Amino acid sequence: MTAIGLTASTAAALARQNLNHAADASALAASDTRNGFSDGEPCARAGSVAAAYDARVTQCRPCGDDMCVEVSDTFLGLAFSARARASGAIA
C-alpha cells in the first residue's frame, strides 16, 4: 500500500510540475504575442501552448505591461492550477 501511495504522490508532483511549465510557457507566449513577436491574439496563443501540455487556460489578462495567465488540469480527480506572469519589456 505504501508503494502505491508513493507512486501516486510522485505522479501528482510530476503533474503539478508539468502544470507549472504550462503556465510559464503560456504566459511567455501571450506576452510575446502582445508585444508583436508572434502573430495572433495573446490569450488564444496562450491557450494553444497550454493545450500542448494537456492543460487549459482559465484566466488570461494584461497585468500592466505583463501578461498574467492561469492554467488548470485534473489528475486522479483532483483539480490543480498554476499561475504565471511574463513581461515583454526589453531592458
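For every chain, the first residue of the written sequence is number 1, and numbering continues from 1 along that sequence. Totals for whole chains, interfaces and linings use all residues, but because this is a predicted model, local features are given only for residues with pLDDT of at least 70 and pairs of side-chain atoms are given and counted only at 80 or more. To obtain the side-chain values, all non-hydrogen atoms of the structure were used and water was disregarded.

Chemist: Honestly, the sheet that holds strand β3 (residues 78–87) in this entry has me stumped. Any pointers?
Modeler: Sheet strands pair by backbone hydrogen bonding; their relative direction is either parallel or antiparallel. Any two strands between which DSSP finds at least two bridges are classified as paired. We count a stretch as a helix when DSSP gives it H or I for four or more residues in a row; a strand needs E for two or more, and each element gets its number in order from the N terminus. Strand order in the open sheet formed by 3 strands is β1-β2-β3, with antiparallel pairing between adjacent strands. Single-partner strands in this sheet number two, and they are β1 (56–63) and β3. Each adjacent strand pair in this sheet contributes to an overall mean axis angle of 15°, direction not counted. Pairs of residues are marked as contacts when any of their non-hydrogen atoms sit within 4.5 Å. The convention used is that axes are lines fitted to C-alpha atoms, helices contributing only their stretch in contact, and that angles between N-to-C directions extend from 0 to 180 degrees. Against the sheet, helix α2 (residues 42–52) engages β1 and β2 (66–75), with an angle of about 145° to β1.

Chemist: Help me understand the pattern of salt bridges in this model?
Modeler: In a structure, side chains of opposite charge can pair up when their charged atoms sit close to one another. What makes a salt bridge here is a side-chain nitrogen of Lys or Arg within 4 Å of a carboxyl oxygen of Asp or Glu, nothing more. Applying the stated criterion across every chain, the model contains 2 salt bridges. Arg85 is the partner of Asp66 in a salt bridge, and the nearest nitrogen-oxygen pair spans 2.7 Å. With a gap of 19 residues between them, Asp66 in strand β2 and Arg85 in strand β3 connect regions that are remote in the sequence. Three labels apply to residues, based on accessible area from a 1.4 Å probe with only protein chains included: buried if under 20% of the type maximum, exposed if over 50%, partly exposed otherwise in between. Look at Arg85 and you get exposed, because its relative accessible area is 54%. Between Glu70 and Arg83 there is a salt bridge; the shortest N-O distance is 2.9 Å. Placement of Glu70 in strand β2 and of Arg83 in strand β3 is noted, with a sequence separation of 13 residues between them.

Note that all results are geometric; they support no functional claim without further evidence.
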